[in-house]
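# Structural features, examined
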Amino acid sequence: MRILAIETSCDETSFAVVSIEEHAGFPVVMVEKNIVASQIALHAPFGGVVPMLAKREHIKNLPILWKEMQKIPEVRDKKIDLLAVTVGPGLEPALWTGIQFAQEIHKDFFEEKIHLVGVNHLEGHLYSFLLTENKKPKTENMFPMISLVVSGGHTILGVLESLTKYTKLGETLDDAVGESFDKVARLLDLPYPGGPLIEQLAKEGNAQAIALPHPMIHQKNYNFSYAGLKTAVLYYLKSQGVISQNFSPRAVAKKAKISEQLQKDLSASFQDAAFAPIVAKTSRVVQEYGARSVCVGGGVAANKKLPELLKEKLGDVSVVVPPFAYCQDNAAMIAVAGYMRYISKKKPYPIKADGTMSI
Ligand code: KG4
Ligand code: ZN
């Protein structure tokens, strides 16, 4: 089956063509094309994604990328079996642009001869572990599999008993882990998105230099919390006189320029504190379910330290992380999630005629 997918839930406009074949009851995924127009540079000066700017940019990029996709013979000749589009969760004005565009090409280009399915963005990150450079995955020993979705909007721990039987076990109660990287980056005078820069600086910093809390690490549930960790970094910077006491994120009132060494040490200390509860809870859930593997998806999965820490803690349990391009938002993962929903015959996510999402 060949799937054409569109993703516009946040600040990446993306199209993909993915073909999927079943081998011994397991889907083997081949990405034929995955193109992404990133808006990072546009949003960076604002320290985060501005929804209406994202919408404007998606509207500009969608026809340009679609033109590019039509150069692919299989698209041009309409050898596509399924059209998939992200319907949420995400920024509503941004989602809306992709949904409307999908509806338009479904009607005008494909003449409604193929199915159009709505896809949950988080199921995209969940199934992104199947995007493994076209190698046939070893299926027998994978399940039960623990799934970690760690992105800018979500931090979710769940279990896959089979490819289509998923149960959510816990999630963040406030900020997502990626969001905390972005917020701490702002405190450290680093541009958006914070994750990649903090990872780089952490390599040269001392993770023991600053004692930070490990939120909810000892609680027996599988939930997370990141708002307090960010606040602890803020209080530390105030105590060092880097940030004035009446600082508010809106009215930036820095007292002194943060030193490079402090940026590095805080990056290392924060990164360790942010990953500690994820590693501890993943290890506990692996034992509880007798899991044979762990898959990680979402933007934070691009951080090399996380799988390193997981592998160190989990020993023989394999840790599967998609290639870098499929950790970030992309349409290839939306194609895979659309396929999974289609073949599992679960009720599709509704796409309303007015383009609004409802999941
Ligand atoms: O999955 P994603 O592209 O978008 C959402 O669905 O949210 O994730 C973006 C998030 C941002 O918060 C970004 O700072 C974080 O992923 N991120 C990282 C790294 N690269 C991206 N966080 C930690 N380390 C990284 N190397
Ligand atoms: Zn995402």
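Residues numbered from 1 in each chain as written. Chains lettered and ligands numbered in written order. Predicted model: local features only at pLDDT ≥ 70, side-chain atom pairs only at ≥ 80, totals over all residues. Heavy atoms only, no water.

This paragraph deals with the packing of helix α6 (residues 177–187) against helix α8 (residues 227–239). In contact at an axis separation of 10 Å, α6 and α8 are set at 10 degrees when each is read in the N-to-C sense. Our classification of the angle between α6 and α8 gives roughly parallel. Across the interface between the two elements, K183, V184 and L187 from α6 touch K230, V233, L234 and L237 from α8. Taken together, the residues of the contact of α6 with α8 sort by class into 5 nonpolar, no polar and 2 charged. (Axes fitted to C-alpha atoms, helices over the stretch in contact; angles between N-to-C directions. Helix = DSSP H or I, 4+ residues; strand = E, 2+ residues; numbered from the N terminus. Parallel < 35°, antiparallel > 145°, perpendicular 65-115°, else oblique. Contact = heavy atoms within 4.5 Å. Nonpolar A, V, L, I, M, F, W, Y, C, P; charged D, E, K, R; others polar.)

Turning next to the state of the cysteines. All told, the structure shown has 0 disulfides when counted by the stated rule. Residue C10 stays outside any disulfide, its sulfur separated by 16 Å from that of C327, the closest cysteine. Not engaged in a disulfide, the cysteine C327 finds its nearest cysteine sulfur in C295; these two sulfurs lie 11 Å apart. By relative accessible area, C327 is classed as buried at 1%. (Disulfide = S-S within 2.5 Å. Buried < 20%, exposed > 50% of the residue type's maximum accessible area, 1.4 Å probe, protein only.)

This brings us to unusual backbone geometry. The amide bond that connects F143 to the next residue, P144, takes the cis arrangement and shows omega of 0 degrees. With respect to the helices and strands, P144 occurs in the loop between α5 (121–127) and β6 (145–150). Here Y192 and P193 are connected by a cis peptide whose omega angle stands at -5 degrees. If you trace the backbone, P193 turns up in the loop between α6 and α7 (194–202). In this model, E112 sits at a positive phi of 60 degrees, which is unusual for a non-glycine residue. The phi dihedral of D189 falls on the positive side, at around 65 degrees, and the residue is not glycine. With respect to the helices and strands, D189 occurs in the loop between α6 and α7.

Once that is clear, we can look at the packing of aromatic side chains. For the structure on display, the rule yields 6 aromatic pairs. Consider the rings of F15 and W66, whose centres lie 6.1 Å apart with planes at 20 degrees: the pair is stacked. Linking F15 in strand β2 (residues 12–23) with W66 in helix α2 (residues 51–69), this pair joins segments that are 51 residues apart in sequence. Its relative accessible area of 9% is what places W66 among the buried residues. (Phe/Tyr/Trp six-rings, centres within 6.5 Å; stacked < 30°, edge-to-face > 60°.)

The domains assigned to the protein are domain 1 (2–132 + 326–343) and domain 2 (145–321). Taken together, both faces of the contact between domain 1 and domain 2 bury some 1,700 Å²; the carbon and sulfur share is 77%. On the domain 1 side of the contact with domain 2, L126, F129 and C327 bury the most area, a combined 34% of that side's loss. For the pair domain 1 and domain 2, the interface holds 0 salt bridges. The tally of links from domain 1 across to domain 2 stands at 4 residue pairs in polar contact (both at pLDDT 80 or more). The set of elements that each furnish at least two residues to the side of domain 1 that touches domain 2 consists of β3 (26–38) and α5. Top contributing element to the side of domain 1 that touches domain 2 by residue count: α5, with 4 residues. Here the side of domain 1 that touches domain 2 is built from residues that sort into 14 nonpolar, 6 polar and 1 charged. (Domains from an automatic or database assignment. Buried area = accessible area lost by both parts, 1.4 Å probe. Salt bridge = Lys/Arg side-chain N within 4 Å of Asp/Glu carboxyl O. Polar contact = N/O pair within 3.5 Å; in protein donor to acceptor, adjacent residues only side chain to side chain.)

Another point: the site of ligand 1. As a matter of local geometry, ligand 1 sits amid 22 residues, with G152, D182, E199, G299 and N303 nearest to it. With respect to ligand 1, the backbone of G153 contributes an N or O atom lying 3.3 Å from an oxygen atom. D329 has a polar side-chain atom sitting 3.2 Å from an oxygen atom of ligand 1. Compared with its free state, where it exposes 550 Å², ligand 1 has 92% of that area covered by protein. (Near = heavy atom within 4 Å. Areas by Shrake-Rupley, 256 points an atom, 1.4 Å probe, with all protein chains shown as cover.)

Spatially, β8-β7-β6-β9-β10 is the arrangement adopted by the 5 strands of the open sheet, whose pairing is mixed. Each end of this open sheet is capped by a strand with a single partner; those strands are β8 (166–171) and β10 (318–320). Averaged over all neighbouring strand pairs, the angle between strand axes comes to 20 degrees, with direction disregarded. Sheet topology note: the β6/strand β9 (residues 293–297) ladder contains 5 bridges and is parallel. Each residue of the ladder has a partner; that of M145, found in β9, is S293. Packed on one face of the sheet, helix α10 (residues 305–314) meets β6, β9 and β10 and runs near 165 degrees to β10. (Pairing = 2+ DSSP bridges.)

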